[in-house]
Amino acid sequence: MRDFTYARAASVEDARRLAQQSGAMLLAGGTTLLDLAKCGVARPDHVVDITHLKGLDAIEVTREGAHLGALAKMSHVADDKAIRAEFPAVSEALWQAASAQLRNMATIGGNLMQRTRCAYFRDPNSFAACNKRQPGSGCAARGGITRNHAVLGTSSSCIATNPGDLAVALVAFDAIVHLGDRKVPVDDFFLLPGATPDREQAIEPGEVITAVSIPASAAARRSTYLKVRDRQSYEFAAASAAVGLDLEADGRTIRDIRVALGGVATKPWRAHAVEKALKGKTLEPETVMRASLLAMEGAIAQGDNHYKIDLAPRVIARAILKVGGLA
Ligand SMILES: Cc1cc2nc3c(=O)[nH]c(=O)nc-3n(C[C@H](O)[C@H](O)[C@H](O)COP(=O)(O)OP(=O)(O)OC[C@H]3O[C@@H](n4cnc5c(N)ncnc54)[C@H](O)[C@@H]3O)c2cc1C
Ligand code: SF4
């Protein structure tokens with residue numbers, strides 16, 4: 001048992017003040033915090049409860065886009081009629097994440113802050129070496145079981161995947177993370193491990209995610225999220241793709257396309273090369289499959305995870321063909 005203080009923040013300003021204490025952690029739905037505390041990875045000295053802050057659970061969709069309050073529950077956003085109509089990939093990504101019980105508790109802000117599922121990271125009693133948990137200690141995954149580890153964005157310090165589903169859809173549609181007045185494009189919010197894998201998100205001590213906004217677009221309106229995993233529910237992605245498509249009036253020429261990948265990289269991964277190869281092209285299976293292979297440029301297999309290099313382009317292609325009405 002470790003002692004910690006508990007304080008219920010009265011306002012966002014109060015939460016920021018309390019979160020600046022050394023060893024402070026925010027408590028939203030608690031589904032990640034409790035999980036990590038139980039396995040000995042999270043060791044907060046101060047828990048700052050933000051669950052009752054007013055106005056942070058809003059879900060609004062206008063002509064400009066969506067505004068998701070940081071305390072909006074995953075299940076509420078997934079089920080929101082306007083989100084389902086304007087951002088189907090966002091709704092589908094949330095529906096396919098975790099379990100119904102977790103989605104009813106977990107929040108949008110907490111979801112973006114979840115940590116990797118690397119088994120070595122989550123077992124400090126058995127594995128001392130983990131640069132993400134203890135900078136400079138090494139990486140137990142290298143030479144270990146790497147079936148779920150990343151093939152893109154890795155560094156010599158860390159090869160762990162980012163496990164989130166929602167974040168993949170947000171990266172595809174250029175969402176913005178609101179940290180009060182400071183706004184960060186979601187692609188910049190998630191950091192590559194480099195030499196500092198302990199830092200996963202571009203958030204400073206004392207900052208609080210207040211909302212996420214997603215600009216409206218034709219591609220977001222015609223979108224999907226495809227998640228391939230070892231079992232059909234309650235499982236993280238082996239590979240996933242968020243795809244959005246906008247076609248010219250002929251119904252075949254690609255005007256705009258968005259592609260982002262999950263389960264294969266150290267951060268939610270925008271596949272710009274695939275998008276570039278397909279813009280202006282005719283939507284047909286062979287072209288789509290050939291372009292999808294470009295997502296794996298620079299991929300490096302790490303022991304047991306070579307299958308991801310084969311799987312991910314197929315997931316992308318299937319998602320594009322599905323949203324294009326060809327699968
Ligand atoms: C068994 C299991 C299976 C899961 N499967 C999936 C899955 O398939 N896909 C998926 O995407 N996720 C999955 N998850 C992760 C789940 O979605 C997250 O646990 C959840 O979204 C976290 O939200 P929360 O509100 O409970 O966060 P909390 O546990 O309250 O907080 C998580 C972290 O975020 C910080 N935080 C919370 N809110 C804020 C804020 N507003 N600003 C700044 N920091 C904040 C906290 O300090 C803490 O560090 C799974 C989790 C479990 C336990
Ligand atoms: S892959 Fe990253 S999270 Fe996993 S043990 Fe290595 S350093 Fe730690």
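These numbers come from a predicted model, not from an experiment.

What follows concerns the packing of helix α12 (residues 285-292) against helix α13 (residues 307-323). For the pair α12 and α13, the least separation of the axes is 8 Å and the interaxial angle reads 140 degrees. Pair α12 / α13 crosses with right-handed handedness. The residues of α13 that touch α12, namely those facing Pro285, Val288, Met289 and Ser292, are Pro313, Arg314, Ile316, Ala317, Ile320 and Leu321. Of the residues contributing to the contact of α12 with α13, the split by class is 8 nonpolar, 1 polar and 1 charged.

A word on the side chain of Gln114. Tracing the backbone through its elements, the reader meets Gln114 in the loop between α7 (108-112) and α8 (166-172). Judged by its relative accessible area of 11%, Gln114 falls in the buried class. A distance of 3.2 Å separates the side chain of Gln114 from the backbone oxygen of Asn111, its partner in a polar contact. The contact partners of Gln114, leaving out residues within four places of it in the chain, are Thr32, Pro163, Gly164, Gln201 and Phe236.

Here we come to unusual backbone geometry. One non-glycine residue, Ala98, adopts positive backbone phi at about 55 degrees. For Ala98, the position within the fold is in the loop between α5 (88-95) and α6 (100-105). One non-glycine residue, Asp174, adopts positive backbone phi at about 55 degrees. Here Asp174 lies in the loop between α8 and β6 (176-179). Its relative accessible area of 39% is what places Asp174 among the partly exposed residues.

Lining the immediate environment of ligand 2, one finds 14 residues, of which Cys118, Cys130, Asn131, Cys139 and Cys158 sit closest. Residue classes in the shell around ligand 2 are distributed as 10 nonpolar, 3 polar and 1 charged.

As a matter of local geometry, ligand 1 sits amid 31 residues, with Leu26, Thr31, Thr32, Thr107 and Asp165 nearest to it. At 2.8 Å, a backbone N or O of Gly29 approaches an oxygen atom of ligand 1. Within the side chain of Asp165, a nitrogen or oxygen atom sits 2.7 Å from a nitrogen atom of ligand 1. Protein burial of ligand 1: of its 980 Å² of free accessible surface, 94% is covered by the chains.

Another aspect to go through is the packing of aromatic side chains. Applying the stated criterion to the full structure yields 2 aromatic pairs. An angle of 80 degrees between the planes, with centres 4.8 Å apart, marks the rings of Tyr120 and Phe127 as edge-to-face. Measuring from centroid to centroid gives 5.4 Å for Phe189 and Phe190, while their planes differ by 85 degrees, and the two rings are edge-to-face. On the accessibility criterion, Phe189 (0% relative accessible area) is buried. For Phe190, a relative accessible area of 3% corresponds to the buried category. The side chain of Arg147 reaches across the aromatic face of Tyr307, ending 4.8 Å from its centre.

Let's shift gears to the sheet that holds strand β12 (residues 269-270). Taken in spatial order, the 4 strands of this open sheet run β9-β10-β11-β12, and their pairing is antiparallel. Where the open sheet ends on each side, the last strands, each with one partner, are β9 (223-228) and β12. Strand direction decides the pairing type here: strand β11 (residues 254-262) and β12, joined by 2 bridges, are antiparallel. Note on β12: the bridge partner recorded for Ala260 is Arg270. Each of β9, β10 (239-247) and β11 touches α13; the most contacted strand, β10, lies at about 35 degrees to it.

The next point concerns α12. Of the residues making up α12, those classed as buried are Thr287, Val288, Ala291 and Ser292. Taken around the axis of α12, the buried residues stretch over an arc of 130 degrees, which confines them to a single face. What points out from α12, more than 90 degrees from its buried face, is the exposed set Glu286 and Arg290. Its buried side turned inward, α12 meets α11 (272-278) and α13.

Turning our eyes to something else, we now look at the domain arrangement of the protein. Splitting the protein by domain gives domain 1 (5-49) and domain 2 (218-323). Between the C-alpha centres of domain 1 and domain 2 the distance comes to 36 Å.

As a further point, take the sheet that holds strand β2 (residues 24-27). Taken together, the 3 strands give an open sheet; going across it, the order is β1-β3-β2, and neighbouring strands pair in parallel fashion. If you trace the sheet from one side to the other, it starts and ends with β1 (5-8) and β2, each paired once. Here the average twist between neighbouring strands, direction ignored, is 25 degrees. Relative to strand β3 (residues 46-49), β1 runs parallel, the two being bridged by 4 bridges. Residue pairing in the sheet places Arg8 in a bridge with Asp49 of β3.

About the criteria used
- Residues numbered from 1 in each chain as written.
- Chains lettered and ligands numbered in written order.
- Predicted model: local features only at pLDDT ≥ 70, side-chain atom pairs only at ≥ 80, totals over all residues.
- Heavy atoms only, no water.
- Axes fitted to C-alpha atoms, helices over the stretch in contact; angles between N-to-C directions.
- Helix = DSSP H or I, 4+ residues; strand = E, 2+ residues; numbered from the N terminus.
- Left-handed = near helix turned anticlockwise from the far one by under 90°.
- Contact = heavy atoms within 4.5 Å.
- Nonpolar A, V, L, I, M, F, W, Y, C, P; charged D, E, K, R; others polar.
- Buried < 20%, exposed > 50% of the residue type's maximum accessible area, 1.4 Å probe, protein only.
- Polar contact = N/O pair within 3.5 Å; in protein donor to acceptor, adjacent residues only side chain to side chain.
- Near = heavy atom within 4 Å.
- Areas by Shrake-Rupley, 256 points an atom, 1.4 Å probe, with all protein chains shown as cover.
- Phe/Tyr/Trp six-rings, centres within 6.5 Å; stacked < 30°, edge-to-face > 60°.
- Lys NZ or Arg CZ within 6 Å of the ring centre and 35° of its normal.
- Pairing = 2+ DSSP bridges.
- Arc of directions from axis to C-beta.
- Domains from an automatic or database assignment.

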